[in-house]
Amino acid sequence: MCDEAFHSRLPRRTPHVDCRRHGDQPRASPEPAELHRCRTDAPVHAGHEVGTPFDGYRDLAGGWCRNRLDIPIEPLGAVDRRQRGPCNVRAFAHRHLEQISDVVSPDISPDDYSGGARGCAAATAPEQGPQRGLLRTEIKFHRRVSKIEPATAASCGSRVHWPVIAKRRDSSPVSVVASLICWPRILRYFMAQSDSGIGNVTPNAELVQMAMSYSRSYMLCAAARLGIADALGDEVRSVDHLAETCQADVDALYRLLRALASIGITEETTPKHFRLTPFGRPLRRDVAQSAWPAVVFWADLLADNWSLLTDCIRTGKPASQVRDPNVPSRWSQDPEADSIFRAVMGTAPAEDYAPIARAWDFSRANVVADLGGGGGALILAVLGLHPYLRGMLVDLEASVEAAKARFADEEVSSRCKLLAADLTQSVPAGADVYMLKHVLHGRRDAEAITILKNCRAVIPANGSLLVIEFILPPLISQADPHLEGHLMSDLNMLAVTGGRERSEHEWRTLLEAAGFRLAGVFPVGNDVGILEAKPAQA
Ligand SMILES: C[S@@+](CC[C@H](N)C(=O)[O-])C[C@H]1O[C@@H](n2cnc3c(N)ncnc32)[C@H](O)[C@@H]1O
């Protein structure tokens, strides 16, 4: 039976093919209100998890997959870049299931599968209006179903988990002939899977896919280092032209450009002519909020340390101490490395830090100091929300110099002092609230305690120290994309600085060692937590 109730909640743009009830009649796309209801009523599936809303931004970080059908996300509520809203992934998965099976088979109930969908909200500049995105689905069945062939799934660019999908066994001569005809399609299915290895049919494809996930990172790194996005600008350019501008081998560059097209960074408009997509645009160095420094930082400068992770784990030492002394680090070879670091740290728009500024009550504070505040995004967010407050941005001299240009343009700059200081030596006095965001995770315990003691030396008796960091749970019992990010950061600290991410217990221990007591913990969404520390009584 066709599940009328469930279908009626789904956004429909495709004909309800072959469904006995609805025949071939396409239904109109639902109104936004209906979509909203659909989103809130129906449980949704994101990535491989059940029950969490799809977040284009986060999934984008995990990987961008092109669906050959290019299902637009926009009609289901994708939003502009700043909002990054959820959309109804279950509905997407279900709709894709229709396309794969030509019909949502009457004998497949929504409970039979966990529809996965992974997509991207293809970036558009805010002025270009709402985001569009592309979606790819992964549909996992919990029972054997008769309707779907992987080959058909592949032809929709989707992925149906093969081992549990089976046509009912039928040994009639007609069926045997039919299955022989099907074989080339099934073969094409495996060949078509971008994630089954380079032309290989591998068991444990998902694990192998994880092992290969460096490829996108390196492609982006090459694109950034060669300056491809800047060479493209807003134009369509020939490979020959680009090779000359980027000083690259023509054929090799063509191969990179078409691979970049396959992940949505570029688009091949006519053979061997490319342009940048809206998604790839932030790779340009000359655009506001350019992603270029972050791409180089992660995909080149830090990836260099990650390549030594095995030895870091073996020895417990950062990459700088396990590296062959005759092989210089990428960082040491790059004259721009320090400025790239500064361009990445605390330079996001202040709005991105507003959730932190709202998560703690600053109403009784007079002067707030952001220690190691980088580009000043957090102190700007705090001062922006509290017009009576005065602030201090404290960082190493080069970072403070770099931040000056930004503060010159900010309305709040008259209320904020920019001070150069080495926190391992001393902390400037004069504030009643001190913040340390993502500074201590870069430090070993002994160094972190030194910085905390320097804070203790200047903080008034009724002052507060806000340590803003990831707070690891005591147990990691299941896969969790947020935690993956935090634990990735933990390994990043191990390999790059020798620091670490910490649990609440570990933060408390550090604070107590420096003469503080932990007075409260304020979570900021799924991301960081604010650990409020008060000076312990002497
Ligand atoms: C990981 S970044 C965090 C930036 C910012 N707080 C944020 O969360 O966006 C660490 C910051 O601490 C600063 N820093 C590192 N060591 C420092 C020191 N000894 N004295 C002052 N600042 C330091 C760095 O320059 C950098 O801006």
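Basis of the calculations
- Residues numbered from 1 in each chain as written.
- Predicted model: local features only at pLDDT ≥ 70, side-chain atom pairs only at ≥ 80, totals over all residues.
- Heavy atoms only, no water.
- Salt bridge = Lys/Arg side-chain N within 4 Å of Asp/Glu carboxyl O.
- Helix = DSSP H or I, 4+ residues; strand = E, 2+ residues; numbered from the N terminus.
- Buried < 20%, exposed > 50% of the residue type's maximum accessible area, 1.4 Å probe, protein only.
- Pairing = 2+ DSSP bridges.
- Near = heavy atom within 4 Å.
- Polar contact = N/O pair within 3.5 Å; in protein donor to acceptor, adjacent residues only side chain to side chain.
- Nonpolar A, V, L, I, M, F, W, Y, C, P; charged D, E, K, R; others polar.
- Core = buried A, V, L, I, M, F, W, Y, C linked by side-chain atoms within 4.5 Å.
- Contact = heavy atoms within 4.5 Å.
- Axes fitted to C-alpha atoms, helices over the stretch in contact; angles between N-to-C directions.
- Parallel < 35°, antiparallel > 145°, perpendicular 65-115°, else oblique.
- Left-handed = near helix turned anticlockwise from the far one by under 90°.
- Phe/Tyr/Trp six-rings, centres within 6.5 Å; stacked < 30°, edge-to-face > 60°.
- Lys NZ or Arg CZ within 6 Å of the ring centre and 35° of its normal.

J.: So what exactly am I meant to see when it comes to the pattern of salt bridges here?
T.: Between side chains of opposite charge, a pair can form when the charged atoms approach closely. For the coordinates displayed, the defined rule picks out 15 salt bridges. Between Asp 304 and Arg 323 there is a salt bridge; the shortest N-O distance is 3.2 Å. Here Arg 323 lies in the loop between α14 (319-322) and α15 (330-333) and Asp 304 lies in helix α12 (residues 292-306), a separation of 19 residues in the sequence. The same class applies to Asp 304 and to Arg 323, which are both buried. Salt bridges here are not isolated pairs; linked through shared partners, they connect Arg 225, Asp 300, Arg 330 and Asp 334.

J.: Which parts of the structure should I look at to understand the pairing of strand β8 (residues 273-276)?
T.: Along β8, the buried face is formed by Phe 274 and Leu 276; none of His 273 and Arg 275, which line the opposite face, is buried. Of the strand pairs in this sheet, strand β6 (residues 237-238) and β8 are connected by 2 bridges, and their pairing is antiparallel. Following the sheet pairing, Arg 237 is matched in β8 by Phe 274. When strand β7 (residues 266-270) meets β8, the two strands line up antiparallel, connected through 4 bridges. For Thr 266, the partnering residue across the bridge sits in β8 and is Leu 276. From the end of β7 to the start of β8, which pair antiparallel, there are 2 residues, and Lys 272 there has a positive phi angle of about 65 degrees.

J.: Looking at this structure, how should I read unusual backbone geometry?
T.: Non-glycine residue Lys 272 carries a positive phi angle of around 65 degrees. Residue classification places Lys 272 among the partly exposed residues on the basis of a relative accessible area of 42%. Positive phi, close to 50 degrees, is recorded for His 438, a residue that is not glycine. With respect to the secondary-structure elements, His 438 resides in the loop between β12 (433-437) and α20 (445-458).

J.: Even after reading the chapter, I still don't get the site of the ligand, so can you show me in this structure?
T.: Of all residues adjacent to the ligand, which total 17 residues, the nearest are Tyr 353, Gly 372, Asp 395, Asp 422 and Lys 437. Within the side chain of Ser 399, a nitrogen or oxygen atom sits 3.4 Å from an oxygen atom of the ligand. Contact between the ligand and Lys 437: an oxygen atom at 2.8 Å from a side-chain N or O atom of the residue. Tallied by class, the residues present in the shell around the ligand amount to 6 nonpolar, 7 polar and 4 charged.

J.: Would you explain the sheet that holds β8 in this entry?
T.: Adjacent strands of a sheet form backbone hydrogen bonds with each other and so pair up, either parallel or antiparallel. Strand order in the open sheet formed by 3 strands is β6-β8-β7, and the pairing between neighbours is antiparallel. On the outer flanks of this sheet lie β6 and β7, each paired with one strand and no other.

J.: Help me out: how do you make sense of the nonpolar core in this one?
T.: Buried together is how nonpolar side chains tend to be arranged in soluble globular proteins. Of all hydrophobic cores here, the largest spans 32 residues; its most connected members are Ile 228, Leu 253, Leu 257, Leu 260 and Phe 274. Of all the secondary structure elements, the ones that give two or more residues to this core are α8 (214-226), α9 (228-232), α10 (239-246), α11 (250-262), β8, α12 and α16 (337-344). At 7 residues, α12 tops the list of elements feeding residues into this core. Setting aside residues up to four positions removed in sequence, Leu 260 forms contacts with Met 219, Ala 223, Ile 228, Ile 265 and Thr 266.

J.: Looking at this model, I keep getting lost on the packing of α8 against α12. Mind explaining?
T.: Packed helices, taken two at a time, are described by their axes: the angle between them and the distance between them. Two elements in contact, α8 and α12, have axes separated by 9 Å at closest approach and are oriented at 125 degrees. Considered as vectors, α8 and α12 are oriented oblique to each other. Considering only the axes of α8 and α12, their crossing is left-handed. Contacts from Ser 217, Leu 220, Cys 221, Ala 224 and Arg 225 of α8 reach α12 at Trp 292, Val 295, Val 296, Ala 299, Asp 300 and Leu 301.

J.: I keep staring at the environment of Pro 278 and nothing clicks. Help me out?
T.: Within the fold, Pro 278 resides in the loop between β8 and α12. Under the relative-accessibility criterion, Pro 278 is labelled partly exposed at 37%.

J.: Help me out: how do you make sense of the packing of aromatic side chains in this one?
T.: By convention here, two paired aromatic rings are described through the distance between centres and the angle between planes. Overall, the coordinates contain 7 aromatic pairs when judged by the stated rule. For the ring pair Phe 297 and Trp 331, a centre distance of 6.2 Å and an interplane angle of 70 degrees mean the geometry is edge-to-face. Here Phe 297, found in helix α12, pairs with Trp 331, found in helix α15; they are 34 residues apart in sequence, far enough to count as distant. By relative accessible area, which is 4% here, Phe 297 ends up buried. For Trp 331, a relative accessible area of 25% gives the class partly exposed. Note on Trp 331 and Phe 341: the rings are 6.2 Å apart at their centroids and 55 degrees apart in plane angle, and the pair reads as tilted. Of the two residues, Trp 331 is situated in helix α15 and Phe 341 in helix α16; the sequence distance between them amounts to 10 residues. Through pairs of rings, three or more aromatic residues link up here, namely Phe 297, Trp 298, Trp 331 and Phe 341. Over the face of the ring belonging to Tyr 254 we find Lys 272, whose NZ or CZ atom lies 4.6 Å from the ring centre. Positioned above the aromatic ring of Trp 292 is the side chain of Arg 285, whose terminal nitrogen or guanidinium carbon lies 3.5 Å from the ring centre.

J.: Help me out: how do you make sense of the side chain of Arg 502 in this one?
T.: Of note, Arg 502 is situated in strand β15 (residues 502-503). A polar contact of 3.2 Å, which involves the side chain of Arg 502, links it to the backbone oxygen of Leu 440. A polar contact of 2.8 Å, which involves the side chain of Arg 502, links it to the side chain of Asp 445. With near-sequence residues (within four places) excluded, Arg 502 lies in contact with Leu 440, His 441, Arg 443, Arg 444, Asp 445, Ala 448, Phe 470, Ile 471, Leu 472, Trp 507 and Leu 510.

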